[in-house]
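Residue strings, one per chain:
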Amino acid sequence: MTMLVTVLGTTGKTGRLITAELLARGLPVRGVVRRPEAQDVVRSQGAEPVLADLRSATELLADALTGSDVVINAAAASDPQPGLAEAVDRDGAINAVNAARKAGVPRFLQVSSLFADRPDQGPEFLQRVLRAKQVSDQALVDSGLSWTIVRPGGLTDDPGTGLVRIAERLDITPGIPRTIPRADVAAVTVAALDEPTSRFRAFDLTSGTTSITAALPTTTGS
Ligand SMILES: NC(=O)c1ccc[n+]([C@@H]2O[C@H](COP(=O)([O-])OP(=O)(O)OC[C@H]3O[C@@H](n4cnc5c(N)ncnc54)[C@H](OP(=O)(O)O)[C@@H]3O)[C@@H](O)[C@H]2O)c1
């Protein structure tokens, strides 16, 4: 089925890979950029650029999402500047959910983070970001949209392996890797688009030993 997917954070390291994966599947993609000069990069990738910011007025952001069948949010504050996680990962992501509802987009996938559902157990230096993501993840759950929340561990730029570990809550024991290549996060997120069992589900994701197609339907396993 052809569907228009709009990617927030399309210029980011994971967002770019998600965009490429969608285009490789032959799906039309709209990439939301906040800097005019980024439009050419998105266009050269084969996607349609549209200018908006997660912190734009909800109406403006809704205009950028109008006509989409799915929104994937891979945007985040990459800068540790005080207040930015609250502005982007919390309030900006909530704004995106509200904009999707306003625009009548039925499905919304959120790239969140391991420990966003249990910030106190996450690394101390990340807890502020995790708390911001916890609030926006909950807003998505409460939104009435068909949602999926992907909570990856530490992201690397290594090539994808296609082998993952997925569960509603992974047992994060010291010694067991909790990282994952961004390429595998992109592959899982795109695979979740049309995997019915991923609807209304949030799951942790790290590298592992199970193929993505086998791991995704068992998001309640461990
Ligand atoms: N880094 C990790 O180890 C880790 C671990 C777990 C989860 N995560 C999460 O995984 C996701 C992807 O991470 P990443 O490192 O691949 O991302 P990234 O490279 O830092 O990209 C972030 C994207 O968000 C966009 N963005 C930032 N502020 C925005 C705003 N106000 N409005 C619209 N777009 C905005 C950036 O746009 P510009 O190009 O204009 O800056 C960029 O496209 C994020 O949600 C991150 O929190 C990361």
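The preceding data block contains the structure.
Residues numbered from 1 in each chain as written. Predicted model: local features only at pLDDT ≥ 70, side-chain atom pairs only at ≥ 80, totals over all residues. Heavy atoms only, no water.

Trainee: I would appreciate a short explanation of the pairing of strand β8 (residues 163–167) in the present structure.
Mentor: Each regular strand shows side chains that alternate between the opposite faces of the sheet. When you tally the buried positions in β8, you get 4 out of 5 residues, the bulk of the element. When β8 meets strand β11 (residues 210–211), the two strands line up antiparallel, connected through 2 bridges. Looking across to β11, one finds that L163 is bridged to S211. In terms of strand pairing, β8 meets strand β10 (residues 201–207) through 4 bridges, oriented antiparallel. Paired with R165 across the strands is T206, a residue of β10. (Buried < 20%, exposed > 50% of the residue type's maximum accessible area, 1.4 Å probe, protein only. Helix = DSSP H or I, 4+ residues; strand = E, 2+ residues; numbered from the N terminus. Pairing = 2+ DSSP bridges.)

Trainee: Explain the environment of R90 to me, please; I cannot follow it from the model alone.
Mentor: Within the secondary structure, R90 is located in helix α4 (residues 84–103). Take R90: its relative accessible area is 28%, and that puts it in the partly exposed class. The sequence separation of R90 and A76 amounts to 14 residues, and the corresponding C-alpha distance is 9.2 Å. Not counting residues up to four positions away in its chain, the partners in contact with R90 are A85, A132, V135 and S136. (Contact = heavy atoms within 4.5 Å.)

Trainee: What exactly am I supposed to notice about the site of the ligand here?
Mentor: Around the ligand sit 24 residues, and of these T11, T14, R34, S78 and R182 come closest. With respect to the ligand, the side chain of T14 contributes an N or O atom lying 2.6 Å from an oxygen atom. With respect to the ligand, the side chain of R182 contributes an N or O atom lying 2.8 Å from an oxygen atom. In isolation the ligand exposes 920 Å². Once the protein is present, 83% of that is buried. Counting only elements with at least two residues in the shell around the ligand, the list comes to α1 (13–24) and β7 (154–156). Looking at side-chain class alone, the shell around the ligand contains 8 nonpolar, 9 polar and 7 charged residues. (Near = heavy atom within 4 Å. Polar contact = N/O pair within 3.5 Å; in protein donor to acceptor, adjacent residues only side chain to side chain. Areas by Shrake-Rupley, 256 points an atom, 1.4 Å probe, with all protein chains shown as cover. Nonpolar A, V, L, I, M, F, W, Y, C, P; charged D, E, K, R; others polar.)

Trainee: How should the pairing of strand β2 (residues 29–33) be read in this particular structure?
Mentor: For β2, a buried count of 5 out of 5 residues is recorded, marking the element as mostly surrounded by other parts of the structure. Where strand β1 (residues 5–8) lies against β2, 4 bridges are found, and the strand directions are parallel. Note on β2: the bridge partner recorded for T6 is R30. Note on the crossover from β1 through α1 to β2: the handedness is right-handed. With 4 bridges connecting them, β2 and strand β3 (residues 48–51) associate as parallel partners. The partner of G31 across the bridge, within β3, is P49. Tracing the backbone out of β2, into helix α2 (residues 39–45) and back to the parallel element β3 gives a crossover that is right-handed. (Right-handed = clockwise from strand over helix to strand, strands pointing away.)

Trainee: Got a minute to help me understand the sheet that holds β2 in this structure?
Mentor: For sheets, the rule is that strands pair by backbone hydrogen bonds, running either parallel or antiparallel. The strand order β3-β2-β1-β4-β5-β6-β10-β8-β11 describes an open sheet built from 9 strands, whose pairing is mixed. Edge positions in the sheet fall to β3 and β11, since each of these pairs with one other strand and no more. The sheet contacts of helix α3 (residues 58–65) involve β1, β2, β3 and β4 (70–73), and relative to β1 the element is tilted by about 135°. Its contacts with the sheet put α4 on β1, β4 and β5 (107–111), and the angle it makes with β5 is roughly 165°. (Axes fitted to C-alpha atoms, helices over the stretch in contact; angles between N-to-C directions.)

Trainee: Please explain the packing of aromatic side chains as it appears in this structure.
Mentor: Given two aromatic rings, their pairing is described by the distance between the two centres and the angle made by the two planes. Inspection of every chain in the model, using the stated rule, returns 1 aromatic pair. Measuring from centroid to centroid gives 6.3 Å for W147 and F200, while their planes differ by 85°, and the two rings are edge-to-face. Placement of W147 in strand β6 (residues 146–152) and of F200 in the loop between α6 (182–193) and β10 is noted, with a sequence separation of 53 residues between them. (Phe/Tyr/Trp six-rings, centres within 6.5 Å; stacked < 30°, edge-to-face > 60°.)

Trainee: So what exactly am I meant to see when it comes to helix α5 (residues 127–141) here?
Mentor: Taking 1.5 Å of rise per residue, the 15 residues of α5 would be expected to cover 21 Å, and the 21 Å separating its terminal C-alpha atoms lies within 8% of that figure. Taken together, the buried residues of α5 touch α4, β5 and β6. (Expected span 1.5 Å × (residues − 1).)

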